[in-house]
Amino acid sequence: GESVGLHLPTLSVQEGDNSIINCAYSNSASDYFIWYKQESGKGPQFIIDIRSNMDKRQGQRVTVLLNKTVKHLSLQIAATQPGDSAVYFCAETGNQFYFGTGTSLTVIP
Amino acid sequence: EAQVTQNPRYLITVTGKKLTVTCSQNMNHEYMSWYRQDPGLGLRQIYYSMNVEVTDKGDVPEGYKVSRKEKRNFPLILESPSPNQTSLYFCASSLALAGGPAYEQYFGPGTRLTVT
């Protein structure tokens, strides 16, 4: 099957700093890459996606970068806030979705 | 309110006793999917459905069945549950675009299943 892995299981950042969460994927044929946020006790929530023919996509306070050469995906969160504390998953998809194991982000006030 | 609902939210059962976890969405989404979430393994797709009467196996379909008789409902059936199916289960839905699902999936609140 597919393999999607996050580089670090946990990440702590100071409030107001930028956060970078990394992810490696294995399938060069995936069409889309997606980032989800999961808060404690809730289901995952869509943050942002990027198509395989793009390198960068920006949303509100979030940027996703895709490096197809090394099969690497990153999520950058600007000016991290306490409400950003959650587990972040990357996923790749064609018709099926393959999720990474998640990075737990803790924002220190 | 647009949402995906799952029932029950919590279930403790015994090995071999058939059970069904219901999933319903009110957004007229074509694509629906079931996942299980286990510590250290992330979310793994069990089954998905591109539309009514169309279902496909995901990464971990063994021991599960699904049906898609109506667009809004996608129940997950465990005919003979075993302890290794103890997990947190999520249902999700999204629109389906030509060639595949839209990527903004909406997830339900989860069903925590324990099989003893």
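Everything below is about the structure printed above this text.
Rules used in this analysis
- Just so you know, the residues in each chain are numbered from 1, in the order the chain's sequence is written.
- Each chain gets a letter, beginning with A, and each ligand a number, beginning with 1, in the order they are written.
- Local features are withheld for residues below a pLDDT of 70 in this predicted model, meaning they are given only at 70 or higher, and side-chain atom pairs are given and counted only at 80 or more; totals for whole chains, interfaces and linings count all residues.
- To obtain the side-chain values, all non-hydrogen atoms of the structure were used and water was disregarded.
- Each helix is a run of DSSP H or I of at least 4 residues and each strand a run of E of at least 2, with the numbering of both proceeding from the N terminus.
- Between buried and exposed lies partly exposed: a residue is buried under 20% and exposed over 50% of the maximum accessible area for its type, with that area taken using a 1.4 Å probe on protein chains only.
- We call two N or O atoms a polar contact when they sit within 3.5 Å, provided that within protein one can donate a hydrogen and the other can accept it, with sequence-adjacent residues counted only if both atoms are side-chain atoms.
- Classification of ring pairs rests on two measures: the distance between centres of Phe, Tyr or Trp rings, Trp counted by its six-membered ring, which must be within 6.5 Å, and the angle between planes, read as stacked under 30 degrees, edge-to-face over 60 and tilted in between.
- We call a charge positioned over a ring when the NZ of a Lys or the CZ of an Arg lies within 6 Å of the ring centre and within 35 degrees of the ring normal.
- Throughout, a residue-residue contact means that at least one pair of heavy atoms, one from each residue, lies within 4.5 Å.
- Salt bridges are identified by distance alone: a Lys or Arg side-chain nitrogen within 4 Å of an Asp or Glu carboxyl oxygen.
- Cysteine sulfur atoms that pair up within 2.5 Å are treated as a disulfide.
- Here, a strand pair is defined by DSSP locating no fewer than two bridges between the strands.

## Focus: the side chain of A:Asp49
Residues and elements named next belong to chain A.
Working step 1: Within the secondary structure layout, Asp 49 lies in strand β5 (residues 45-51).
Working step 2: Judged by its relative accessible area of 11%, Asp 49 is buried.
Working step 3: Here the side chain of Asp 49 touches Arg 57 through a polar contact of 2.3 Å, side chain to side chain.

## Description of unusual backbone geometry
Working step 1: Here the amide bond leading from B:Asn7 into B:Pro8 is cis, since omega sits at 0 degrees, within 30 degrees of zero.
Working step 2: Relative to the assigned elements, B:Pro8 resides in the loop between β1 (4-7) and β2 (10-13).
Working step 3: One non-glycine residue, A:Arg61, lies in positive phi territory at about 65 degrees.
Working step 4: For A:Arg61, the location among the structural elements is in the loop between β6 (56-58) and β7 (62-67).
Working step 5: In this structure, B:Glu53 is a non-glycine residue whose phi angle is positive, near 65 degrees.
Working step 6: By the secondary structure assignment, B:Glu53 is in the loop between β5 (42-51) and β6 (54-57).

## Focus: the packing of aromatic side chains
Working step 1: Tallied over the full model, the rule gives twelve aromatic pairs over all chains.
Working step 2: Each ring, one from A:Phe97 and one from B:Tyr31, has its centre 5.8 Å from the other, and the planes form 65 degrees; the classification is edge-to-face. With one member in each of two chains, A:Phe97 in strand β10 (residues 97-99) and B:Tyr31 in strand β4 (residues 31-38) form a pair that bridges those chains. Note on accessibility: A:Phe97 and B:Tyr31 belong to one class, buried.
Working step 3: An angle of 65 degrees between the planes, with centres 5.8 Å apart, marks the rings of B:Tyr64 and B:Tyr89 as edge-to-face. Pair noted here: B:Tyr64 is in the loop between β6 and β7 (65-66) and B:Tyr89 is in strand β9 (residues 87-94), with a separation of 25 residues, a long-range link.
Working step 4: Looking at B:Tyr64, the relative accessible area reads 5%, which means it is buried.
Working step 5: The class of B:Tyr89 is buried, set by a relative accessible area of 1%.
Working step 6: Through a chain of ring-to-ring contacts, three or more aromatic side chains come together here, namely A:Tyr36, A:Phe46, A:Phe89, A:Phe99, B:Tyr35, B:Phe90 and B:Phe107.
Working step 7: Stacked on the ring of B:Phe74, the Lys or Arg B:Arg68 has its end atom at 6.0 Å from the ring centre.

## Here's the deal with the interface of chain B and chain A
Working step 1: With 25 residues of chain B at the interface, the matching set in chain A holds 20 residues.
Working step 2: Connecting chain B to chain A are zero salt bridges.
Working step 3: Taken together, the links from chain B to chain A amount to three residue pairs in polar contact (both at pLDDT 80 or more).
Working step 4: Contributions of two or more residues to the side of chain B that touches chain A are made by β4, β5 and β11 (100-101) of chain B.
Working step 5: By residue number, the principal contributor to the side of chain B that touches chain A is β5(B), which donates five residues.

## Side note on the state of the cysteines
All names here are of chain A.
Working step 1: A full pass over the atoms with the stated rule returns two disulfides over all chains.
Working step 2: The side chain of Cys 23 participates in a disulfide bridge whose partner is Cys 90; the two sulfur atoms lie 1.8 Å from each other. For the disulfide bridge between Cys 23 and Cys 90, the dihedral angle about the S-S bond is near 50 degrees, and by the sign convention the bridge is right-handed. Here Cys 23, found in strand β3 (residues 19-25), pairs with Cys 90, found in strand β9 (residues 86-93); they are 67 residues apart in sequence, far enough to count as distant. Like Cys 23, the residue Cys 90 is buried in the burial classification.

## Examining the pairing of strand β4 (residues 32-38) of chain A
Residue and element names in this part refer to chain A.
Working step 1: Among the seven residues that make up β4, seven are buried, leaving the element largely enclosed by the rest of the structure.
Working step 2: Here β4 shows a buried face lined by Tyr 32, Ile 34, Tyr 36 and Gln 38 and a second buried face lined by Phe 33, Trp 35 and Lys 37.
Working step 3: Pairing of β4 with β5, which is carried by six bridges, proceeds in the antiparallel orientation. Looking at the pairing, Tyr 32 lines up with Arg 51 of β5.
Working step 4: Following β4, the chain reverses through six residues before pairing antiparallel with β5; Gly 41 in that reversal takes a positive phi of roughly 80 degrees.

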